[in-house]
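# Descriptive analysis of the structure
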Amino acid sequence: MSFLFGSRSSKTFKPKKNIPEGSHQYELLKHAEATLGSGNLRQAVMLPEGEDLNEWIAVNTVDFFNQINMLYGTITEFCTEASCPVMSAGPRYEYHWADGTNIKKPIKCSAPKYIDYLMTWVQDQLDDETLFPSKIGVPFPKNFMSVAKTILKRLFRVYAHIYHQHFDSVMRLQEEAHLNTSFKHFIFFVQEFNLIDRRELAPLQELIEKLGSKDR
């Protein structure tokens, strides 16, 4: 959760997405923070008893967006058009951007441009009340799960890029514990609900296996 980062990392890439205080989703976020504080991430990602799966996924998706926003915000000065002319995760994985509406045909672009497109697109989805309803009693749309899966699949690419291309900067900033805890939480969450295809996770497969084996 975002509370992991303390005040040092207050710089974000995009504005933080806030869940309204007093709402049921805010209560769910507080529950998630409390269970995360126990240190058992496998348990922390489980659907709380009696809660709606869509709502739980929505709350956590917003939180992962805020976490990645903060993590990427700490290294933006190192992720430039010159240092990262393509959006990659190591030599074998390159990502081209398309959102299906403004940019229909995938375009090759620099990592900072790609991540800007990606985070702006995610923000637009999270701000769309028809997709992510914040009011009690407003149902989630039928396509909610597929939208959430696409958001999480794309957010994973930012983690993959940071790990492959900027981990030395993360270590210099002494942010690696924050990055690892955030990513471990993210991976346990998507594994718990089967939200990202295994093939999509390939760029960080070794790390994922390492994080999983440490927790057994």
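Residues numbered from 1 in each chain as written. Predicted model: local features only at pLDDT ≥ 70, side-chain atom pairs only at ≥ 80, totals over all residues. Heavy atoms only, no water.

Under an unreviewed UniProt entry, the name given to the chain is MOB kinase activator 1A, and the organism recorded is Amazona aestiva.

## What to know about the overall build of the chain
Summing up its helical and strand segments, the chain has 7 helices and 2 strands in all. Starting at the N terminus, the α and β elements of the chain follow one another as α-α-α-β-β-α-α-α-α. A burial count over the chain gives 50% of its 216 residues as buried. Pairs at least 24 residues apart make up 74% of the contacts formed inside the chain by residues separated by at least 6 positions. A total of about 10800 Å² of accessible surface is found on the chain, and carbon and sulfur atoms cover 50% of it. (Helix = DSSP H or I, 4+ residues; strand = E, 2+ residues; numbered from the N terminus. Buried < 20%, exposed > 50% of the residue type's maximum accessible area, 1.4 Å probe, protein only. Contact = heavy atoms within 4.5 Å. Areas by Shrake-Rupley, 256 points an atom, 1.4 Å probe, with all protein chains shown as cover.)

## Here's the deal with unusual backbone geometry
One non-glycine residue, Gln174, lies in the positive phi region at around 60 degrees. Look at Gln174 and you get exposed, because its relative accessible area is 62%. Of note, Asn194 is a non-glycine position whose phi angle comes to about 55 degrees, a positive value. Along the chain, Asn194 falls in the loop between helix H6 (176-192) and helix H7 (205-214).

## Let's talk about the pattern of salt bridges
Following the criterion strictly, the structure yields 3 salt bridges and no others. Among the salt bridges present, the one from Glu94 reaches Lys108, with a minimum N-O distance of 3.7 Å. Placement of Glu94 in strand E2 (residues 94-95) and of Lys108 in the loop between E2 and helix H4 (111-127) is noted, with a sequence separation of 14 residues between them. Where Glu200 meets Arg157, a salt bridge forms, and the shortest distance between an N and an O atom there is 3.4 Å. You can see Glu200 sitting in the loop between H6 and H7 and its partner Arg157 sitting in helix H5 (residues 144-172), a full 43 residues away along the chain. (Salt bridge = Lys/Arg side-chain N within 4 Å of Asp/Glu carboxyl O.)

## What about the side chain of Ser110?
Here Ser110 shows up in the loop between E2 and H4. Look at Ser110 and you get buried, because its relative accessible area is 5%. With residues up to four places along the chain from it excluded, the contact list for Ser110 reads Glu81, Cys84, Pro85, Val86 and Met87.

## Focus on the UniProt feature "binding site: Zn(2+)" (unreviewed entry) in the chain
On the UniProt side, "binding site: Zn(2+)" (unreviewed entry) is annotated at positions that read Cys79, Cys84, His161 and His166 here. These annotated residues cover 88 residues of sequence, but their C-alpha atoms sit close together, with the largest distance between any two at 9.9 Å. Take Cys79: it is sitting in the loop between helix H3 (53-75) and strand E1 (87-88). Residue placement: Cys84 occurs in the loop between H3 and E1. Each residue touching Cys84, except ones within four places of it in the same chain, is listed here: Cys79, Ser110, Ala111, Pro112, His161 and His166. (UniProt positions renumbered as here; feature names shortened; annotations may be inferred.)

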